Amino acid sequence: MDLTPGEKGLLSQIRLLYEAAGRDQPLRALTASWPPVHYQSYRGAYVGLVAKRLLQDNNQSFRITDIGLAAIGATPLAAPRKPEPRPVRRAQPQVAAKAPASVVSRIFNGLLGRRA
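Values in this document were obtained by computation on a predicted structure and should not be read as measured data.

Caption draft 1: Highlighting the side chain of Gln25. Secondary-structure assignment places Gln25 in strand E1 (residues 24–26). On the basis of relative accessible area, Gln25 is assigned to the buried category, the value being 5%. Polar side-chain contacts of Gln25 include one of 3.1 Å to the backbone oxygen of Leu17. Setting aside residues no more than four positions away along its own chain, Gln25 makes contact with Leu17, Tyr18, Ser61 and Phe62.

Caption draft 2: Layout of the packing of helix H1 (residues 5–21) against helix H3 (residues 39–51). Contact geometry of H1 with H3 gives a least axis separation of 9 Å together with a crossing angle of 80°. Judged by the angle between their axes, H1 and H3 are roughly perpendicular. Contact with H1, carried on its side by Gly6, Glu7, Leu10, Leu11, Gln13 and Ile14, involves Tyr42, Ala45, Tyr46, Gly48 and Leu49 of H3 and no other residues of that element. Residues of the contact of H1 with H3, tallied by class, amount to seven nonpolar, three polar and one charged.

Caption draft 3: Structural context of the sheet that holds E1. Judged by pairing direction, the sheet is antiparallel, and its three strands sit side by side in the order E1-E3-E2 without closing on themselves. Each having just a single partner strand, E1 and strand E2 (55–57) make up the two edges of the open sheet. Each strand axis lies, on average, 25° off the axis of its neighbour in the sheet, ignoring direction. Against the sheet, H3 makes contact with E2 and strand E3 (61–64), and its axis sits at roughly 105° relative to E2, the strand it touches most.

Rules of the game
Residues numbered from 1 in each chain as written. Predicted model: local features only at pLDDT ≥ 70, side-chain atom pairs only at ≥ 80, totals over all residues. Heavy atoms only, no water. Helix = DSSP H or I, 4+ residues; strand = E, 2+ residues; numbered from the N terminus. Buried < 20%, exposed > 50% of the residue type's maximum accessible area, 1.4 Å probe, protein only. Polar contact = N/O pair within 3.5 Å; in protein donor to acceptor, adjacent residues only side chain to side chain. Contact = heavy atoms within 4.5 Å. Axes fitted to C-alpha atoms, helices over the stretch in contact; angles between N-to-C directions. Parallel < 35°, antiparallel > 145°, perpendicular 65-115°, else oblique. Nonpolar A, V, L, I, M, F, W, Y, C, P; charged D, E, K, R; others polar. Pairing = 2+ DSSP bridges.

Shown next, in the form of structure tokens:
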């Protein structure tokens, strides 16, 4: 693929952004480093990269396409793996075992006719 010097320079800036924060970037993160005198040149290079499908323009943000990643020599960052859901164990109601009655309480309950 034939790239202009401006597009090559812009790709090097995009590579730094990609290494720092991934494929999806706010357009402001890229344009903030453009000198006002050269803004139109950088803008033309950006439009060229979008036309060549190296970038996908999303109005206020952009996304580096798979072709764009190959152009900057990067491999796609692996998406974080979602952990496997664990089976849910339902809590069994705990029945507290009664402590055996003391000798005194057995005698007392026996005299009054109560049963423990």
